[in-house]
Amino acid sequence: MKRTIVCGAGGFIGGHLVKRLKREGYWVRGVDIKEHEYAPTAADEFLLLDLRKLGNCEAALALGPGDPPEIYQLAADMGGMGFIHYAECEVMRHNVLINLNMTHAAAAARVARYFYSSSACVYRDMAPGEPEMPEEGAYPAMPHNEYGWEKLYSERVLLAYARRHGMTARIARFQNCYGPEGTWDGGREKAPAALCRKIAEAEDGGTIDVWGDGTAVRSYTYVDDMVDGILRLMRSDLEGAVNIGCPEYVTVDELAAAIARVAGKKISIRHVEGPVGVQSRNFANDRIYSTGWQSAFPLARGLALTYPWIEAQVRASRGK
Ligand code: NAD
């Protein structure tokens, strides 16, 4: 049985990736600093390790005799725009430690293939209506936030180690990802989960607060699409960074309206001050399309699968 390691397996995308790898017949070791909050792990083995420490990265990769391991590195100290904004020092320090140590340990352990989850935050801000940004548009670099700078640096660390040690590196730049079993409250949640929660908490005919003026343009990728993109990229021969994202772009207000439709509620929006991030996004997906990947979950379909899960969490938390 092929063995694989998923770092960040106690998190949102990592948890879904483990389930998919198990369905495909892999033996999976999950690694995280914490257990998954919303679902029991599907991994065969789950190691609780702080990957900021080199010795723990080495332990995460030690599999004994057999094929050199392949690794999916999704562990990161991260959250939505609010968290990235107020915890910028922790985001830069913790994530650079995780990625430097894990890349170094992987090269020493002769890891064959290394997947790294980078982000669309490596790109500069865009104006609405700008032509699609290809991957090379990340340079000259001007990420909008420190989270993006760390991701760009860690991409480069991995590429350097891959060059020197003959390790195959696959780097995805994820757009916003959403779906069930992701953080939905507590301050680290991202816009789709936060809006689902606010709408679940609101009465029919009620009002929710939305940070900014509601015009920021984004695309949102359902987690099953993201996991499918991760696996296709990992198994491809695509060198360098690859964008993965649903090509459906909406404003924040349109996202809120789409969630309200799924909820069957009439909701008004009050725009309040808060960290918004970039004004607009529009990315080229040609590289990931070349693997045969297509988004199978338009926003309405993905929200129809996500909202009921968050609504159930809200109801359960009220019953506590
Ligand atoms: P998540 O926060 O749900 O998962 C990340 C996991 O990393 C968490 O379970 C966390 O406990 C773990 N972690 C943090 N510090 C650690 C440490 N020191 N040692 C071991 N584990 C540690 O986030 P996610 O949404 O699943 O994101 C996964 C990856 O994808 C991250 O690298 C993230 O930056 C990237 N990404 C996510 C999105 C998105 O929209 N969700 C977008 C772009 C990029």
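Model, not experiment: these values are computed from the prediction. (Residues numbered from 1 in each chain as written. Predicted model: local features only at pLDDT ≥ 70, side-chain atom pairs only at ≥ 80, totals over all residues. Heavy atoms only, no water.)

Engineer: How should I be thinking about the site of the ligand in this particular structure?
Structural biologist: Inspection of the region around the ligand gives 28 residues, with Phe12, Ile13, Asp32, Tyr147 and Cys177 positioned closest. Within the contact set of the ligand, an oxygen atom lies 2.6 Å away from a side-chain nitrogen or oxygen of Asp32. Take Cys177: an N or O atom from its main chain is 2.7 Å from an oxygen atom of the ligand. Look at the ligand: alone it shows 810 Å² of surface, and the protein chains cover 93% of it. Those elements giving two or more residues to the shell around the ligand turn out to be α1 (12–23), β5 (113–119), α5 (146–165) and β7 (176–178). A per-class count over the shell around the ligand returns 13 nonpolar, eight polar and seven charged. (Near = heavy atom within 4 Å. Polar contact = N/O pair within 3.5 Å; in protein donor to acceptor, adjacent residues only side chain to side chain. Areas by Shrake-Rupley, 256 points an atom, 1.4 Å probe, with all protein chains shown as cover. Helix = DSSP H or I, 4+ residues; strand = E, 2+ residues; numbered from the N terminus. Nonpolar A, V, L, I, M, F, W, Y, C, P; charged D, E, K, R; others polar.)

Engineer: What am I meant to see in a nonpolar patch on the surface here?
Structural biologist: Side chains of Met92, Met142 and Trp149 sit close together on the surface and give an oily, nonpolar patch of about 280 Å² of accessible area. Positionally, Met142 belongs in the loop between β5 and α5. (Patch = residues over 30% accessible without salt bridge, like charges linked within 9 Å, V, L, I, M, F, W, Y side chains within 5 Å. Salt bridge = Lys/Arg side-chain N within 4 Å of Asp/Glu carboxyl O.)

Engineer: Is there a simple way to think about the sheet that holds strand β10 (residues 241–244) in this case?
Structural biologist: Hydrogen bonds along the backbone pair up the strands of a sheet, which may run parallel or antiparallel. One open sheet accounts for seven strands, arranged β3-β2-β1-β4-β5-β6-β10; its pairing is parallel. Each edge of the sheet is formed by a strand with only one pairing partner; in this case those strands are β3 (45–48) and β10. For this sheet, the mean inter-axis angle between neighbouring strands, taken without regard to orientation, is 20 degrees. The pairing of strand β2 (residues 27–32) with β3 spans four bridges and is classified as parallel. Looking at β3, one finds that Gly30 is bridged to Phe46. (Pairing = 2+ DSSP bridges. Axes fitted to C-alpha atoms, helices over the stretch in contact; angles between N-to-C directions.)

Engineer: Can you walk me through the domain arrangement of the protein in this structure?
Structural biologist: When the parts of a complex come together, some accessible area is lost, and that lost area is often taken as the interface size. By the assigned domains, the protein splits into domain 1 (3–177 + 223–244) and domain 2 (179–219 + 248–282 + 296–313). Listed as interface residues are 32 residues of domain 1 and, on the opposing side, 26 residues of domain 2. Between domain 1 and domain 2 lies a buried interface of about 2500 Å² when both sides are counted; carbon and sulfur atoms form 50% of it. Put simply, domain 1 and domain 2 have two salt bridges between them. For Asp77, the salt bridge goes to Arg188, with nearest N and O atoms at 2.7 Å. Where domain 1 touches domain 2, the interface holds 16 residue pairs in polar contact (both at pLDDT 80 or more). If you list the elements that add at least two residues to the side of domain 1 that touches domain 2, you get α1, α3 (81–86) and α7 (223–234). When residues in the side of domain 1 that touches domain 2 are grouped by element, the largest group, four residues, is from α3. (Domains from an automatic or database assignment. Contact = heavy atoms within 4.5 Å. Buried area = accessible area lost by both parts, 1.4 Å probe.)

Engineer: Explain empty space enclosed by the protein to me, please; I cannot follow it from the model alone.
Structural biologist: Space left empty within the atom packing is revealed by a probe, the size of a water molecule, rolled over the atoms. Across all of its chains, the model carries one cavity of 30 Å³ or more by this definition. Reported here for the largest cavity is a volume of approximately 60 Å³. Lining the largest cavity are Ala9, Gly15, His16, Val18, Lys19, His36, Ala39, Pro40, Thr41, Ala42 and Glu181. The class makeup of the residues in the lining of the largest cavity is five nonpolar, four polar and two charged. (1 Å grid on protein atoms, 1.4 Å probe; cavity = no way out; pocket = protein on both sides within 12 Å on 5 of 7 lines; lining within 4 Å. Points joined across faces, edges and corners; volume = space filled by probe spheres on them.)

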